[in-house]
Amino acid sequence: MNPLFPEGLYRHGVLRTTKAWRQRKERYRLLGTRCRACETLWWPGRKVCGKCNSRDVEDHEFSHQGELFVHHQGQLAWYVPPVQGFEVYGDTRILAMVKLPEGVYVGGTDLVDCPPEKARDGLKVRMVLRKLRREQNGNWQYGYMWVPEEPQS
Amino acid sequence: MRRVAIVGIGMTPRNEAYMRESDQRSWKDYVIEAAYDAIDDVKKGLAPRDLEYAVVNYHGEASVEAGGIGPIVSDILGLHPMGVTVLSANCVGAGVGMHEAFGLVASGRYDRVLVLGFDKRWDLLNFGDKRAIGGDVDYDFQVGYDHPTLQGLLQVYAYKRWGRNKVLKAMASYRMQAVWWGQRNPLAAFWDVRPKATLAELHDLIDRTAEDEDVPAEFWAKLPHNVALEGASAMILVPAEEAKAYTDKPVYVDGISYKCNAHLLSKQMYYPTPALAGFDMCDFAASHLATDEAYEMAEVKPQDVEFAELFESHITSLIPTLAATRVPEAERVLDFILDEETGPEGRLPTGTDGGRGGFGLTSGSNFSDGVYEAVLQMRGEAGARQLKKAGVAVITGMQGEMASAAVAILRDR
């Protein structure tokens, strides 16, 4: 709970249930695309290859393991109120970008189940599915987050 | 293609006295004030109805104002049935607007075109939504990221690439320089700012901190912070061959370019296409590509450029946009800042109106704010902050999280 905004969930105009549903495979399984013509991998997935312009692309499920590339705890210079309505796991949100073995990067994303002092660039992590926020119809929206490959305590 | 010139500039102030009354003004008030200020600035006279077309950019409020605000702008300026192209591109929007208006004049389609950028922050949009639309909504905001948290990722990567303490010292140097410029600009947010520490004190705080220690809270508390504001600025473009009919001091737009890369930061780390090879999210590829193209168009080389109005409110945007000018060597940008080469006596005075953060970071008008200042400098009308040499300027704008860049090269003759 954000002490500055203890009241109920605030609804952002740019968040929509249909958008969340449409992107469920990306968020649940890290489904991107592979270009059949030039074999380039893309995350997030796309309909036209950004390298060769082929439209002959197929689904590609990316690794669920990676390593922490960069991270911070949201307080670089001054207090920034968190985006309201999103679940925060633990006392401190660890904001991150993760590098996958395929060479692509996923971020912004969250590192969870890790004490803040144990977060370090290069940490081996794996994907987990966690609650992100409630949708407008009351359902929970889920999405990828990352936990240390080896439990940190 | 015809050469293009700027013959009028307009502006709403961003100083504290003016901004204290921001609750009294809507985006329409800002648009009217900046547009008519530009019209009045045409020294030899221009009737409002002499304008043939307008390109207007916004960030924020107007996005929920009936979808398209062209007819509203045409109406409130009293210029019906003049056509108005409306576009939106976050902080670089006025640069995109200038790019489009340049084409309209250079092609011969119109002879007098108004370019205007504005931002109104909170009349309609809430704080959360405003913060969200600085990033990639699908894969950033949808998972709980917004503009400040994404900027945080950029900044920690900058620490990783160049060393945290050196980045912070360069940031302190540049912010204190912004205060120096801003205190000499009555229109700027920093006009009334009194720094809480000297540069030596800020540097000392960092020097006494190891790279892996927490940054002292005192450093953040005493560092002059960017001021995010609202308002508008405008310019009037005409064919260069007719410019002297409007003013004795036209400023010429000899190069202009606009380039895009990914809006999603993680894509900037991996985008395997040849034009973007060798760039990552700290390099801001679009600023390099656009600057190169604008230089080529203007037949300008780095050694010709005398000052710059960059998108330098964040250290993460100052470093790449400064590198893109090719005035400092790419790997010496931080030293260039620390050596005060961006200051009033330096090789490339930068952000001479207070810079985007010190003048007043105004998303929809950042680029036209920079053009306004460059035109003042080239006319010799910049008062206490007047540069000795102000003949060739580079103006650079940035969108969102390094998503796109507009660059203009201006000459005074």
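All values derive from a computational prediction rather than experimental measurement.

S.K.: So what's going on with the overall build of chain A? Residues and values would help.
M.R.: Check the secondary structure of chain A and you find 2 helices and 8 strands. From first element to last, N terminus to C terminus, chain A shows the α and β order α-α-β-β-β-β-β-β-β-β. A buried classification covers 30% of the 153 residues belonging to chain A. Considering only contacts in chain A between residues 6 or more positions apart, those separated by 24 or more positions represent 54%.

S.K.: Pulling in residues and values, what's your account of the packing of helix α11 (residues 285–298) of chain B against helix α12 (residues 315–325) of chain B?
M.R.: Angle between the axes and distance between the axes are the two parameters that describe a pair of packed helices. Residue and element names in this part refer to chain B. For the pair α11 and α12, interaxial distance at closest approach is 8 Å and the crossing angle is 25 degrees. With respect to α12, the axis of α11 lies roughly parallel. Along this stretch, α11 crosses α12, giving a crossing that reads as right-handed. Each of Ser 287, His 288 and Thr 291 in α11 lies in contact with α12, whose residues at this interface are Pro 320, Thr 321, Ala 324 and Thr 325. Among the residues forming the contact of α11 with α12, the class breakdown is 2 nonpolar, 5 polar and no charged.

S.K.: So what's going on with the environment of Gly 45 of chain B? Which residues, and what values?
M.R.: Residues and elements named next belong to chain B. When you line up the elements, Gly 45 lands in the loop between α2 (27–41) and β2 (53–60). The exposed category is assigned to Gly 45, around which 11 C-beta atoms lie within 10 Å. Along the sequence, Gly 45 and Thr 247 sit 202 residues apart, while their C-alpha atoms lie 8.3 Å from each other.

S.K.: Got a sec to walk through the confidence of the model for chain B? Specific residues and values, please.
M.R.: On average, residues of chain B carry a pLDDT of 94, and 96% of them reach 70 or more. Predicted as a complex, the structure gets a pTM of 0.95 and an ipTM equal to 0.91.

S.K.: Any details on the pairing of strand β6 (residues 251–260) of chain B? Residues and values, ideally.
M.R.: Residues and elements named next belong to chain B. The element β6 is extensively covered by neighbouring structure, given that 7 of its 10 residues are classed as buried. As paired strands, strand β1 (residues 4–11) and β6 are joined by 3 bridges and run antiparallel to one another. Pairing of Ala 5 across the sheet is with Tyr 252, part of β6. Where β6 meets strand β9 (residues 404–411), 8 bridges bridge the pair, whose relative direction is antiparallel. Note on β9: the bridge partner recorded for Tyr 252 is Arg 411.

About the cut-offs
Residues numbered from 1 in each chain as written. Chains lettered and ligands numbered in written order. Predicted model: local features only at pLDDT ≥ 70, side-chain atom pairs only at ≥ 80, totals over all residues. Helix = DSSP H or I, 4+ residues; strand = E, 2+ residues; numbered from the N terminus. Buried ≥ 20, exposed ≤ 12 C-beta atoms within 10 Å, placed from the backbone. Contact = placed C-beta atoms within 7 Å. Axes fitted to C-alpha atoms, helices over the stretch in contact; angles between N-to-C directions. Parallel < 35°, antiparallel > 145°, perpendicular 65-115°, else oblique. Left-handed = near helix turned anticlockwise from the far one by under 90°. Nonpolar A, V, L, I, M, F, W, Y, C, P; charged D, E, K, R; others polar. pLDDT = per-residue confidence, 0-100. Pairing = 2+ DSSP bridges.

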